[in-house]
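# Survey of secondary and tertiary structure
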Amino acid sequence: MAHYQSMGSIPPKRHTQHRRPAGRGKQGELYYEELMGEEGFSSDSSLLYHRNIPSTIVDAQVWEVGNLSTTPNHPLKPLHLQPHALFPDAKTIKATDVVTGRRLLLGNGDVRISYAVAAAPSPWYRNGIGDECVYIERGAARVETVFGAFDVAQGDYIVIPRATTHRWLPVASRKEPLRAYAIEGNSHIAPPKRYLSKYGQFLEHSPYCERDLRLPQGPLLAEDVGEKADAESEVYIKHRGSGPVSSGGIVGTVHTLPFHPLDVVGWDGCLYPYVFNVRDYEPITGRVHQPPPAHQVFEGWNFVVCNFVPRKVDYHPLSIPVPYYHSNVDSDEVMFYVEGDYEARKGSGIGQGSISLHPGGHAHGPQPGAAEASIGAEYFDELAVMVDTFRPLDLGEGGLACDDGKYHLSWSGGRGGGSAAGEVHSID
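Worth saying up front: this structure is predicted, and the values here are computed from it rather than measured.

Rules used throughout
Residues numbered from 1 in each chain as written. Predicted model: local features only at pLDDT ≥ 70, side-chain atom pairs only at ≥ 80, totals over all residues. Heavy atoms only, no water. Helix = DSSP H or I, 4+ residues; strand = E, 2+ residues; numbered from the N terminus. Buried < 20%, exposed > 50% of the residue type's maximum accessible area, 1.4 Å probe, protein only. Contact = heavy atoms within 4.5 Å. Areas by Shrake-Rupley, 256 points an atom, 1.4 Å probe, with all protein chains shown as cover. Lys, Arg positive; Asp, Glu negative; His and termini not counted. Charge placed at Lys NZ, Arg CZ, Asp CG, Glu CD. Salt bridge = Lys/Arg side-chain N within 4 Å of Asp/Glu carboxyl O. Pairing = 2+ DSSP bridges. Axes fitted to C-alpha atoms, helices over the stretch in contact; angles between N-to-C directions. Polar contact = N/O pair within 3.5 Å; in protein donor to acceptor, adjacent residues only side chain to side chain.

## Section: the overall build of the protein
When helices and strands are tallied, the protein shows three helices and 30 strands. Counting only residues that meet the buried cut, the protein has 50% of its 428 residues in that class. When contacts within the protein are restricted to residue pairs at least 6 apart in sequence, long-range pairs at least 24 apart make up 75% of them. Summed over its atoms, the accessible surface of the protein is roughly 20100 Å², and 52% of this surface lies on carbon and sulfur atoms. Separation between the mean location of the 38 positive side-chain charges and that of the 51 negative ones in the protein comes to 4 Å.

## Points about the pattern of salt bridges
Opposite charge on two side chains lets them pair, provided their charged atoms get close. Per the counting criterion, the structure on display carries 18 salt bridges. Linking Glu223 and Arg51 is a salt bridge whose minimum nitrogen-to-oxygen distance equals 2.6 Å. Of this pair, Glu223 sits in the loop between strand E16 (213-214) and strand E17 (233-240) while Arg51 sits in the loop between strand E3 (45-50) and strand E4 (59-63), placing them 172 residues apart in sequence. Among the residues examined, Glu223 registers a relative accessible area of 40% and is labelled partly exposed. Linking Arg112 and Glu184 is a salt bridge whose minimum nitrogen-to-oxygen distance equals 3.2 Å.

## Thoughts on the sheet that holds strand E21 (residues 296-300)
Judged by pairing direction, the sheet is antiparallel, and its six strands sit side by side in the order E6-E26-E25-E29-E22-E21 without closing on themselves. Among the strands making up the open sheet, the edge pair consists of strand E6 (79-81) and E21. Across the sheet, the axes of successive neighbouring strands diverge by a mean angle of 15°, strand direction being ignored. Sheet analysis places strand E22 (residues 303-308) next to strand E29 (residues 382-389), joined by six bridges and oriented antiparallel.

## Quick look at the side chain of His260
Tracing the sequence through the fold places His260 in the loop between strand E18 (250-257) and strand E19 (264-269). The class of His260 is buried, set by a relative accessible area of 2%. Looking at His260, its side chain comes within polar contact range of the side chain of Glu227, at 2.5 Å. Looking at His260, its side chain comes within polar contact range of the main-chain nitrogen of Leu262, at 3.0 Å. If we skip the residues at most four places from it in the chain, His260 touches Trp124, Arg167, Ala222, Val225, Glu227, Lys228, Ala229, Ala231 and Ser233.

This is how it looks when you write it as structure tokens:
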């Protein structure tokens, strides 16, 4: 995101003295400059000015990150996951936070997709593995970060760079708790390169631009949130390690700081969290059906994020508005059905809150009768978030727990045949 921003108190020249206010004729103490940068010193970065030395910790303990193991999708099947079933009662939700309460649905070496329904505040948290892109399905929260704060609600994506210290504070609501769909990359997550100039500006054909991005409200200090600047604090850190198989090689540490994490008096640069609302996405349409890349919103290493929003559909006089059947030769496709009526999936059991996995090697497309029924449609009222990965996705413990077990039979009218699921056929 080469979109320069400056907030709070910074010196006129980088890497020069920046001091706290002091009495007349006196020099204040130096603020502590931290470079937060990507790809070593070769890509986007920001400089943050702290009241305290950012390296300071007084304790480090193990954080048991939970079961992040995965199981191969074998035998190969399309799947229908129902993540709402993972958080069935108000008591569970009341005790769950967006960081430690995530249930892993799907994952591979490039990306992990989790789901949480939360009403509890999260601890301070830092993902040391990659960027996070969290989509808010329902509810609302305040997200406080060292760059500033965001108020997020239904339809917001919040993109949080790797190693950004932050916490989630759900907004209490009798109507709907916070429902969050978390996409955790092992890389950086950014707008697609084809939307950007060589200098990082959004180009004219992009379906969104800088005006649509919400930036941090800040800078934010401990006293701004009614807390003590010298309060001892814990920060939960997810990072790489040689952890047990059940953690997928991902481990956690809790650092104890002798001060509050919100101690940044100013920052500037091109690396920071931001929010984009799906309703600000301008869909690209055509006379005939547009392929999924027309709906792309973000990209990471070996995966992309797309969104299908309410839109005018194909207007060729002989067009068929729903997708054609297609084989994902190079990718697995994960679709999270958020709102509306998804025409291509009618009759499959999929509804709002469902997630489908269409794996590479299986030709998928509309349910029987959907193509004929869509002819003449002028508008689709649907909202879905899609993740396409270029390496196979395995199932996490949450995915195994909420698979409906029968979606793969939906194109055959529910008629099964052959071996039972998991039965091995010998080639001898």
